[in-house]
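# Analysis of the macromolecular model
Each chain is listed here by its residues.
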Amino acid sequence: MPVVAGANILYILFLLQTPPEVTMWPLILIKLAIWRLVTASNPNFYNIGGVLSSNESQYYFKEIIARLNFEQNYVHRGVTYYDYAILMDPNPIRTALNVCKDLIANRVYSVVVSHPLTGELSPAAVSYTSGFYHIPVIGISSRDSAFSDKNIHVSFLRTVPPYSHQADVWVELLRHLNYMKIIFIHSSDTDGRAILGRFQTSSQSLEDDVEIKVMVESVMEFEPGLDSFTEQLQDLKSAQARVYLMYASKTDAEVIFRDAAALNMTEVGFVWLVTEQALAANNAPAGLLGLRLVNATSEKSHIQDSIYVLASAIREMNQTQEIHEAPKDCDNSGSIWETGKTLFEYIKKQEILDGATGKVAFDDNGDRIFAEYEVVNVRLPNDQPAVGRYFYTNDQKRMRLKLDESQILWMGNSKVKPEGFMIPTHLKVLTIEEKPFVYARKINLNEGEQCTQHEIPCPHFNTSNDETDMYCCKGYCMDLLKELSKTINFTYHVALSPDGQFGNYIMKNASAMGAKKEWTGLIGELVNERADMIVAPLTINPERAEFIEFSKPFKYQGITILEKKPSRSSTLVSFLQPFSNTLWILVMVSVHVVALVLYLLDRFSPFGRFKVANTDGTEEDALNLSSAIWFAWGVLLNSGIGEGTPRSFSARVLGMVWAGFAMIIVASYTANLAAFLVLERPKTKLTGINDARLRNTMENLTCATVRGSAVDMYFRRQVELSNMYRTMEANNYATAEDAIRDVKIGKLMAFIWDSSRLEFEAAQDCELVTAGELFGRSGYGVGLQRGSPWADAVTLAILDFHESGFMESLDNQWILQGNVQQCEQFEKTPNTLGLKNMAGVFILVAAGIVGGVLLIVIEMAYKKHQIKKQKRLELARHAADKWRGQVEKRKTLRASLAGGGTVATRRAANGLGEPRTVSGSLALEGARVRRNLPPAPLRRPPAYTADVSHLIV
């Protein structure tokens, strides 16, 4: 042994280090020598055991091995194969003893085993016994799925496939016949469960079209040894699928066929696909389709293929591996034959393209793959012609189904292929209240209220039997449903969502060990097959499409943001907004500076004065400071100036410049006032989903959507929106109605929802606006059950509606409603100024009125004081005049006494007339007061002024 091991190492080192310059023939000779050294210790003969069912099979076994020794393609020169065959005993214990005594004792390297004529356990006994020593066992007729378990049958291979492999052919048949919804019937034994598992795996991994998946509507499992199957069949009769796949033994199949015929389930419209065992039932109905393994009963062909596969494996192993002798008895249980393990792996790798039973190959479990089947159609119990074949093609390198449908006789002796399902013509349709797609109006039947002709009765789904409260539905989706029913011919009854939600994928019984995810809402009813169709604004998304089927979209939309238009904050000084505070201060200062300069120019101008005559013939005085300020304000406010204008040329030039300045200021103010208070429209506060205030939500900005909705699922999928979603999740609403109401009252800043609904709301209320561009584009589709027979018809009808313009008319009728144009027109027209905008102006006027009243009160008080003072002056003048008169009187009296004529002559010469009386002086003074003229200056002789001061009261 050490010599052989060293030779193997030497051979490997030589292969790695041989330079390419060495010529070919010496290299071949050296390698041949090393190979001879390596294989010198390998056996030159191999014993092959056989446990066969008949003497004829024993004869075939010996004949094939004898012929094998002359096959140079499989046997090297100097190597010989010997046969050791025994008959199989129906008793598995005796079979195991015979294997030890007659086969293992003769050092067999492998055992070929067939199936006994009676009994079931003998092949298993051979597998257990040989597997204990890792001696490979090749079965040629055992098809039980239990042999695929390598934990039990550690070294078992077979040239026939297990029964469960028929599921691969079933999948191809269903796809070829376009039957996508089936009912699976199987026994509860190992083979029945194995074929169901393989069918489910194969049906979900179709290579050509991943969208085509066979849906199992119902699985019916039964215990072997049936007495009756009527009750189970009655349950299946109400299902939509009319295609039955059945795995059952011959005796169980006879019971099922008997009861199915009694329920008329083997008549026209039904399809039965069965396995080989059920095909052998004596009462198999006409029209039955079954499978039959090609060369299944030809033991000679399988013996030949098994021996040649074994020889090919030993030949390949003999070139590179050291082969030890096989165990010689069953008493030595402590040693493990490692060569047997290696030989088992080599056998699994072998392929024979043109074997007696077709292409021979094995999978990882040692089961035969690429086995050929015939598709059999039952006409009569003894007339079962093949109408198709499932075979391996060398050009395509895969299995292929060839079926002649024209030769098939279907159930009920019909030549027409059945549809494979029962199409229900009355559908349970679910919807949900979502304006403008569905409006729900509550009515009371006890009060005689009824739905109108444009409405559809729509009670809540699965509610109590209290029918006093009913709802009537109308809207976009209800009109679509009516048109669909007329186009593809079905009747329906509508119900509202049981929980008011579209549906969410949630964990049920999270605290329990058997927790699982389930759908709620509309989707849950459809998944659990409690409804047939959903006609609502149902968004198509990957999560839902995995469990239900969607039609093509009837409306394309996306996600957008709804917010309330920000109103411009108007204050009491809104009319001052056109100018900044600095500019207003400068204007105020300019008015008074210009007034001061005008006053100075007009007062000190030495020439060029323009004379202006008063009505009384006097000349107007120069412009005083008060008149200059009045002039400056009058020009600025464009009120017109009637008096108090500058008289000098220099002052008038400044006045013209000031008028130009006032014109520019007033024009600029007017334009800016229009821009600020009339033409300006408030914009949206948000720019869209990428707005930084949404991505990093601030405390004063709340956003939300509807929990469990498609929008909610969209945010869960988007990793970049995870931060935003965590903030939104706490604010999410139960319904869109609640969220929109809070947006209107200002409680919610931004509501993220489907664009169709939000555009409708913005069209209804021009105070609402959608912000930014659409994102997360998708569509609304009609939801149906997986594999629904109505799916294609609904999709084609919706496509026709798009082409005919019906969908556009629904948009105009229910979504736009002409209000979008009204809002756009409102956006383009100037805004009307209200009291809120111009309240400051009115307050300014009120302040002017109040100021004027206060000033007039002050003026009146001042005037009253002046009058009192004037009266005191008048009394003083009266006393003075009276005193003067008395003085004059005395003078006159003295003069008259001295000589009256002389005195009179002297007064006339001095220009004095007759002395005035006090009453005459008062009359003259009253006239001046009435003319609003200042009192006449008191002319008194200077010599007497001081003397009369004591008379003034």
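A brief structural summary.

Counting secondary structure elements, the chain contains 29 helices and 30 strands. For the chain, with 953 residues in total, the buried portion stands at 44%. Within the chain, residue pairs in contact and separated by at least 24 positions form 72% of the contacts whose partners lie at least 6 positions apart. For the chain, the exposed surface amounts to about 50300 Å²; the carbon and sulfur share of it is 56%.

Let's shift gears to the state of the cysteines. Such a bond, covalent and formed between the sulfur atoms of two cysteines, is termed a disulfide. According to the stated counting rule, one finds three disulfides in the structure shown. Here Cys100 is linked by a disulfide to Cys330, with a sulfur-sulfur distance of 2.1 Å. Measuring the twist about the S-S bond at about -100 degrees, one finds the Cys100-Cys330 disulfide to be left-handed. A residue pair is termed long-range when its members are at least 10 positions apart, and Cys100 in helix H4 (residues 92–103) and Cys330 in the loop between helix H11 (299–320) and helix H12 (338–349) qualify at 230 residues.

With respect to the element layout, Arg695 can be found in helix H19 (residues 692–695). Between the C-alpha atom of Arg695 and that of Ser722, which follows or precedes it by 27 residues, the distance is 9.1 Å. Excluding anything up to four places from it in sequence, Arg695 contacts Ile689, Asn690, Glu720, Leu721, Asn723 and Met724.

We now examine the sheet that holds strand E2 (residues 80–87). Taken in spatial order, the five strands of this open sheet run E2-E1-E3-E4-E5, and their pairing is parallel. Looking along the sheet, the strands with just one partner apiece sit at the ends: E2 and strand E5 (156–158). Averaged over all pairs of adjacent strands, the angle between strand axes in this sheet comes to 25 degrees, irrespective of strand direction. Bridge analysis of strand E1 (residues 45–52) against strand E3 (residues 108–113) gives five bridges, and the strand direction is parallel. Bridge pairing links Gly50 to Val112 in E3. Sheet contacts for H11: E1, E2, E3 and strand E4 (137–139); angle to E1, the most-contacted strand, approximately 155 degrees.

Looking along the chain, the bond that leaves Lys435 and enters Pro436 is cis, with omega of 0 degrees. If you check the backbone angles, Asn178 has positive phi at about 60 degrees while not being a glycine. Note that Asn178 resides in the loop between helix H6 (166–177) and strand E6 (181–187). Among the residues examined, Asn178 registers a relative accessible area of 55% and is labelled exposed. Positive phi values are uncommon outside glycine, yet Asn295 reaches one of about 60 degrees. With respect to the helices and strands, the residue Asn295 is situated in the loop between strand E10 (289–293) and H11.

The next point concerns the packing of aromatic side chains. Under the criterion given, the structure shown has 31 aromatic pairs. Taken together, a centroid distance of 6.2 Å and an interplanar angle of 40 degrees make the contact between Phe554 and Tyr780 tilted. Here Phe554 is found in the loop between strand E25 (549–550) and strand E26 (555–564), whereas its partner Tyr780 is found in strand E29 (residues 768–780), with 226 residues between them in sequence. Residue class for Phe554 comes out buried when judged on its relative accessible area of 1%. Taken together through their ring pairs, the aromatic side chains of Tyr46, Tyr81, Tyr109 and Trp337 make up a single cluster.

Moving on: the nonpolar core. The tendency in soluble globular proteins is for nonpolar side chains to be buried as a group. Val51, Phe61, Tyr81, Val111, Ile303 and Ile347 are the most contacted members of the largest nonpolar core, which has 52 residues in total. The element that contributes the greatest number of residues to this core is H11, accounting for nine residues. Leave out the neighbours within four places in its chain, and Ile303 touches Leu52, Ser57, Tyr60, Phe61, Ile64 and Ile140. Counting 47 residues, the second-largest nonpolar core is a separate cluster that includes Phe461, Met724, Ile752 and Phe775.

Counted according to the given criterion, the structure contains 27 salt bridges. In this structure, Glu372 and Arg389 form a salt bridge, with 2.6 Å as the shortest nitrogen-oxygen distance. Here Glu372, found in the loop between strand E13 (368–369) and strand E14 (373–377), pairs with Arg389, found in strand E15 (residues 386–393); they are 17 residues apart in sequence, far enough to count as distant. Residue Glu372 is classed as buried on the basis of its relative accessible area of 16%. Residues Arg757 and Glu761 are paired through a salt bridge, measuring 3.0 Å at the closest nitrogen-oxygen approach. With Arg757 and Glu761 both in helix H23 (residues 755–764) and four residues apart, this pair spans about one turn of that helix. Comparing Arg757 with Glu761, the two get one shared label, buried. It is possible to trace a salt-bridge network through shared partners that takes in Arg292, Glu372, Glu374 and Arg389.

Moving on: the sheet that holds strand E9 (residues 271–274). Taken together, the eight strands give an open sheet; going across it, the order is E7-E6-E8-E9-E10-E14-E15-E16, and neighbouring strands pair in mixed fashion. Looking at strand neighbours, the two that pair on one side only are strand E7 (215–222) and strand E16 (398–403), the edges of this open sheet. Neighbouring strand axes in the sheet, compared pairwise and without regard to direction, differ in orientation by 20 degrees on average. Along the sheet, H6 makes contact with E6, strand E8 (243–247), E9, E10, E14, E15 and E16, crossing E16 at roughly 50 degrees.

Reading the values: rules and limits
- Residue numbers here run from 1 along each chain, matching the order of that chain's written sequence.
- pLDDT decides what is reported in this predicted model: residues at 70 or higher carry local features, side-chain atom pairs at 80 or more are listed and counted, and totals for whole chains, interfaces and linings draw on all residues regardless.
- Excluding hydrogens and water, the side-chain values take into account all heavy atoms of the structure.
- We count a stretch as a helix when DSSP gives it H or I for four or more residues in a row; a strand needs E for two or more, and each element gets its number in order from the N terminus.
- Relative accessibility thresholds used throughout: buried, under 20% of the residue-type maximum; exposed, over 50%; partly exposed, between the two (1.4 Å probe, protein chains only).
- Residue contacts are defined here by distance: any two heavy atoms, one from each residue, within 4.5 Å place the two residues in contact.
- Per-residue and other accessible areas were derived by the Shrake-Rupley procedure at a 1.4 Å probe size, with only the shown protein chains allowed to occlude residues.
- Disulfides are defined in this document as cysteine sulfur pairs within 2.5 Å.
- In this description, strands pair whenever DSSP reports at least two bridges between them.
- Think of each axis as a best-fit line through the C-alpha atoms, taken over the contacting stretch in the case of a helix, with angles from 0 to 180 degrees between the N-to-C directions.
- Stacked, tilted and edge-to-face are the three classes assigned to paired rings of Phe, Tyr and Trp, where Trp is represented by its six-membered ring and a pair needs centres within 6.5 Å; plane angles under 30 degrees give stacked, over 60 edge-to-face, the rest tilted.
- Think of a nonpolar core as a cluster: buried Ala, Val, Leu, Ile, Met, Phe, Trp, Tyr and Cys residues, connected wherever their side-chain atoms sit within 4.5 Å.
- In the sections that follow, a salt bridge refers to a side-chain nitrogen of Lys or Arg positioned within 4 Å of a carboxyl oxygen of Asp or Glu.

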